Amino acid sequence: EAGVAQSPRYKIIEKRQSVAFWCNPISGHATLYWYQQILGQGPKLLIQFQNNGVVDDSQLPKDRFSAERLKGVDSTLKIQPAKLEDSAVYLCASSLDMGSLGYTFGSGTRLTVV
Amino acid sequence: LAKTTQPISMDSYEGQEVNITCSHNNIATNDYITWYQQFPSQGPRFIIQGYKTKVTNEVASLFIPADRKSSTLSLPRVSLSDTAVYYCLVGVSNQGGKLIFGQGTELSVKP
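What counts and what doesn't
For every chain, the first residue of the written sequence is number 1, and numbering continues from 1 onward in sequence order. Lettering of chains starts at A and numbering of ligands starts at 1, both following the order in which they are written. Per-residue local features of the predicted model are confined to residues with pLDDT of at least 70, and side-chain atom pairs are confined, for both listing and counting, to 80 or more; whole-chain, interface and lining totals are unaffected and use all residues. In computing side-chain properties, one takes all heavy atoms of the structure into account and sets aside hydrogens as well as water. Note on conventions: DSSP H or I runs of at least 4 residues are helices, E runs of at least 2 residues are strands, and numbering of each starts at the N terminus. Type-normalised accessible area, obtained with a 1.4 Å probe on protein chains alone, sets the label of each residue: buried when under 20%, exposed when over 50%, and partly exposed for intermediate values. By this definition, two strands are paired if DSSP reports at least two bridges between them. Lines fitted to the C-alpha atoms define the axes, with helices restricted to the stretch that makes contact. Angles between their N-to-C directions range from 0 to 180 degrees. Residue contacts are defined here by distance: any two heavy atoms, one from each residue, within 4.5 Å place the two residues in contact. Aromatic pairing here means that ring centres of Phe, Tyr or Trp (its six-membered ring) are within 6.5 Å. Orientation follows from the plane angle: under 30 degrees is stacked, over 60 is edge-to-face, and everything else is tilted. We call a charge positioned above a ring when the Lys NZ or Arg CZ atom is no farther than 6 Å from the ring centre and deviates by at most 35 degrees from the ring normal.

Chemist: Let's hear about the environment of proline 44 of chain B: which residues, and what values?
Modeler: Residue and element names in this part refer to chain B. With respect to the helices and strands, proline 44 occurs in the loop between strand 3 (31-38) and strand 4 (45-50). Given the relative accessible area of 3%, proline 44 is considered buried. Along the primary structure proline 44 and isoleucine 20 are separated by 24 residues, whereas in three dimensions their C-alpha atoms are 17 Å apart.

Chemist: Summarise the sheet that holds strand 7 (residues 70-75) of chain B; cite the residues concerned and give the values.
Modeler: The strands that make up a sheet are held in pairs by hydrogen bonds between backbone atoms, and each pair lies either parallel or antiparallel. Residues and elements named next belong to chain B. Read from one edge of the open sheet, four strands run 2-7-6-5, paired in antiparallel fashion. Edge positions in the sheet fall to strand 2 (18-23) and strand 5 (53-56), since each of these pairs with one other strand and no more. Geometrically, the sheet is characterised by an average inter-axis angle of 15° between neighbouring strands, direction not taken into account. Pairing of strand 6 (residues 61-64) with strand 7, which is carried by three bridges, proceeds in the antiparallel orientation. Paired with phenylalanine 63 across the strands is threonine 72, a residue of strand 7.

Chemist: Help me get a handle on the environment of leucine 62 of chain B, residues and values and all.
Modeler: Residue and element names in this part refer to chain B. With respect to the helices and strands, the residue leucine 62 is situated in strand 6. Measuring from C-alpha to C-alpha, the distance between leucine 62 and threonine 72 comes to 5.7 Å, with 10 residues separating the pair along the chain. Once you skip the residues sitting within four places of it in the chain, leucine 62 turns out to touch Ile33, Trp35, Ile48, Gln49, Gly50, Thr53, Lys54, Val55, Ser71, Thr72 and Leu73.

Chemist: Quick one: what's the story with the packing of aromatic side chains, residue by residue and with numbers?
Modeler: In the structure shown here, the tally under the stated rule is 13 aromatic pairs over all chains. Taking the centre distance of 6.5 Å and the plane angle of 55° together, the rings of tyrosine 35 of chain A and tyrosine 103 of chain A count as tilted. Of this pair, tyrosine 35 of chain A sits in strand 4 (residues 31-37) while tyrosine 103 of chain A sits in the loop between strand 9 (88-95) and strand 10 (104-105); the two residues are 68 residues apart in sequence, bridging distant segments of the chain. Like tyrosine 35 of chain A, the residue tyrosine 103 of chain A is buried in the burial classification. Centroid distance tyrosine 35 of chain A to phenylalanine 101 of chain B: 5.6 Å. Interplanar angle 90°. Geometry classified as edge-to-face. Placement of the pair is tyrosine 35 of chain A in strand 4 and phenylalanine 101 of chain B in the loop between strand 8 (84-92) and strand 9 (105-110), with the two residues belonging to separate chains. Here tyrosine 35 of chain A and phenylalanine 101 of chain B have matching classes, each one buried. When the ring centre of tyrosine 10 of chain A is taken as reference, the NZ or CZ atom of arginine 9 of chain A above it lies at 5.6 Å. The ring of tyrosine 51 of chain B carries the charged tip of arginine 68 of chain B above its face, separated from the ring centre by 4.0 Å.

This is the structure in structure tokens:
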């Protein structure tokens, strides 16, 4: 089966600019997650969707980060405006449903804010 | 969610068996134990999951003692390609439990 697709693979922006990341989960996977991974650290959960509804966004910095999954399939994560500390890899993962712990991750988008 | 503690790094040589132990003293009755592997420039990959005793698949074995306060991931006969970061996670599978990643163990396999 096809994996979790993410784009772009790399992105370099200046601080205060905006950026968007796209994720296409595995077909049929109801649950979608966005993680932020700073170099040398484990991934940190930003937001969890079940179909097109938000289940948990408690760790999402809502003053600058937003995410949506309008049709319950693809998802976008946006940062506006970006800060230097947002430099990280942004990982998207999906799972069949909220009862499954077998997540499938994409390869991520590496964001560099200069 | 239960906190996990695992070594920050480990070194090994090709052909050896590697055991990575994870402590999770506050594990709850409903919690499963899951291990992920992450190579550079890739997302984490699910390796193995268990609840108690021993689980084995084509990649690894997972040993869980009766008190479930720790678990050991065993990689038989490692090769250079097993160099990666290994994460131990504890989560509630039947409540949409979110996987919270810690620091992980950076395994370096040398020739």
